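As a plain string of letters, each chain reads:
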Amino acid sequence: MKITAFIHQIFTTMKNLALFCLLLTCIVLESCKKNENPKDPGAIKSQSEEPINVSCYKALYESDTVELKINALKNGKVTGDMVMKILDMPKKVGKINGEFRGDTLFVDYSFYQGANEKKIFKNPMAMLKKGDELILGSGKIETYLGRSYFAKDTPIDFEKVKYKFTTVNCVDK
């Protein structure tokens, strides 16, 4: 009789513990859901914000062409479009999003390659502004948790580069 009472007590305790864990899990998931913001208002604002300045650039290197349109926003951020046509590679079409730090523009370039518009790639880029020219730097890129960034211990090279952007008139396509 004592053994069955003991087993009954264990099952009751386990049942209560399982219900408690289930309830706790539901509370945690619900609180995460409430804090989740499906549309970040800052991102929406910067996308819909009117630029205070629009600049267009083009870089040529051998048979390669890179076209860049930069929208300077009131909050100091930069958005824009970039198309890279590199010899023997599919065309890269995408958006830039970033900011100037001193005389260097740091952006994330989110793009698709060729006809595959479903797979989006994202790369960091740094461009040094010298007068009316932007120089696309090259540096060591590291990836952590799916996010690529320039390695902090390695300087970005703006001397041995392929792409130097010169200003051009903006043309709407």
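Residues numbered from 1 in each chain as written. Predicted model: local features only at pLDDT ≥ 70, side-chain atom pairs only at ≥ 80, totals over all residues. Heavy atoms only, no water.

**Student:** Explanation requested: the state of the cysteines in the structure shown.
**Tutor:** Applying the stated rule across the entire model yields one disulfide. Each disulfide pairs two cysteine sulfurs, and for C56 the partner residue is C170, the sulfurs being separated by 1.9 Å. Where C56 bonds to C170 through sulfur, the torsion about that S-S bond is close to 115°, and the disulfide is right-handed. Of this pair, C56 sits in strand β1 (residues 53-61) while C170 sits in the segment after β10 (164-168), and the two are 114 residues apart along the sequence. Classification of C56 as buried rests on a relative accessible area of 9%. Owing to a relative accessible area of 39%, C170 belongs among the partly exposed residues under this scheme. (Disulfide = S-S within 2.5 Å. Helix = DSSP H or I, 4+ residues; strand = E, 2+ residues; numbered from the N terminus. Buried < 20%, exposed > 50% of the residue type's maximum accessible area, 1.4 Å probe, protein only.)

**Student:** What am I meant to see in the pattern of salt bridges here?
**Tutor:** Should their charged atoms come close, side chains of opposite charge can pair. Applying the stated criterion across every chain yields a total of six salt bridges. Note that D81 and K95 form a salt bridge whose closest N and O atoms lie 2.7 Å from each other. In this pair, D81 sits in strand β3 (residues 77-85) while K95 sits in strand β4 (residues 92-101), placing the two residues 14 residues apart along the sequence. Overall, D81 belongs to the partly exposed group, its relative accessible area being 28%. Beyond isolated ion pairs, a larger network of salt bridges with shared partners links K77, E99 and R101. (Salt bridge = Lys/Arg side-chain N within 4 Å of Asp/Glu carboxyl O.)

**Student:** Explanation requested: the confidence of the model for the protein in the structure shown.
**Tutor:** The predicted structure's coordinates, where accompanied by low pLDDT, should not be read in detail. Of the residues in the protein, 73% reach a pLDDT of 70 or more, and the chain-wide mean stands at 81. Counted against residues more than four places away or in other chains, residues 34-46, with its pLDDT under 50, gives three contacts. (pLDDT = per-residue confidence, 0-100. Contact = heavy atoms within 4.5 Å.)

**Student:** Would you mind showing me how to read the pairing of β10 here?
**Tutor:** Moving residue by residue along a regular strand, the side chains alternate between the two faces of the sheet. As paired elements, β1 and β10 share three bridges and run antiparallel to each other. Paired with Y57 across the bridge in β10 is T167. Bridge count for strand β7 (residues 133-136) against β10 is two bridges, and the pairing is antiparallel. In the strand pairing of β10, I135 is matched with K164. (Pairing = 2+ DSSP bridges.)

**Student:** Looking at this model, I keep getting lost on the pairing of strand β5 (residues 104-113). Mind explaining?
**Tutor:** Sheet topology places β4 next to β5; ten bridges connect them, and they run antiparallel. If you follow R101 over to β5, its bridge partner there is T104. Connecting β4 to the next strand, β5, in antiparallel fashion are two residues, including G102 with a positive phi near 70°. Where β5 and strand β6 (residues 116-130) come together, nine bridges link them in antiparallel fashion. By the bridge assignment, S110 is partnered in β6 with K122. Adjacent in sequence and paired antiparallel, β5 and β6 are bridged by two residues, among which G114 carries a positive phi angle near 65°.

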